Amino acid sequence: QVQLVESGGGLVQPGDSLRLSCVASGQVYTIGAMGWYRPAPGQQRELVATFNRGGSTTYADSVKGRFTISRDNAKNTVHLQMDSLNPEDTAVYYCRAEIWRVHYVPPNTYWGQGTQVTVSS
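Computed from a prediction, not measured in an experiment: that's the story for all the values here.

In this section: unusual backbone geometry. Here asparagine 76, not a glycine, exhibits a phi torsion of approximately 50°, which is positive. With phi around 50°, serine 84 is a residue other than glycine that occupies positive phi space. Along the polypeptide, serine 84 turns up in the loop between strand E8 (77-82) and strand E9 (91-100). Given the relative accessible area of 43%, serine 84 is considered partly exposed.

If you want it as structure tokens, here you go:
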């Protein structure tokens, strides 16, 4: 079994910061892409920020310069530092990871249950 657990959400005021964390646990051989998504109008979930296979990063235009994704491979963890938050960032943030449970079986995609971020004055 593999589990993704997010933490770090909360209620903050505009301009404040939050740091989200996501830890993968269970039968994890290695992790490829790992990142953060949130619901968006017309989409099930939109990309916020992610590490791609190979280690490059991709950010949504709306968060570039404000959010920073980081990763600790030894701890199977990804973080999202969110600065200069605004009310439009209010959402449930979901962690997504591409995980190999064993090296000879193709990876599966896993999702966490989400952590709520609310930005309001």
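Here we take up the state of the cysteines. When the sulfur atoms of two cysteines share a covalent bond, that bond is a disulfide. One pass over the structure, following the stated rule, counts 1 disulfide. Disulfide pairing places cysteine 22 opposite cysteine 95 at an S-S distance of 2.1 Å. Taking the torsion about the sulfur-sulfur bond, which here is approximately -85°, the covalent link between cysteine 22 and cysteine 95 counts as left-handed. Highlighted residues: cysteine 22 in strand E3 (residues 18-26) and cysteine 95 in strand E9, separated in sequence by 73 residues. With a relative accessible area of 0%, cysteine 22 lands in the buried category.

Across the sheet, which stays open at both edges, the 4 strands sit in the order E1-E3-E8-E7 with antiparallel pairing between neighbours. Both outer strands of the open sheet, strand E1 (2-7) and strand E7 (67-72), are each paired with one neighbouring strand and no more. On average, each strand axis in the sheet is tilted by 15° relative to the strand beside it, whichever way the strands run. Pairing geometry for E7 and E8, over 6 bridges, is antiparallel. Across the sheet, the residue bridging to serine 70 is histidine 79, located in E8.

In this section: the pairing of E8. Among the 6 residues that make up E8, 5 are buried, leaving the element largely enclosed by the rest of the structure. Of the pairings in the sheet, the one linking E3 to E8 comprises 6 bridges and is antiparallel in character. Within E8, the position partnered with serine 21 by the bridge is histidine 79. The turn joining E7 and E8, which pair antiparallel and follow one another in sequence, is formed by 4 residues; a positive phi near 50° is taken by asparagine 76.

Cut-offs and rules
Residues numbered from 1 in each chain as written. Predicted model: local features only at pLDDT ≥ 70, side-chain atom pairs only at ≥ 80, totals over all residues. Heavy atoms only, no water. Helix = DSSP H or I, 4+ residues; strand = E, 2+ residues; numbered from the N terminus. Buried < 20%, exposed > 50% of the residue type's maximum accessible area, 1.4 Å probe, protein only. Disulfide = S-S within 2.5 Å. Pairing = 2+ DSSP bridges. Axes fitted to C-alpha atoms, helices over the stretch in contact; angles between N-to-C directions.

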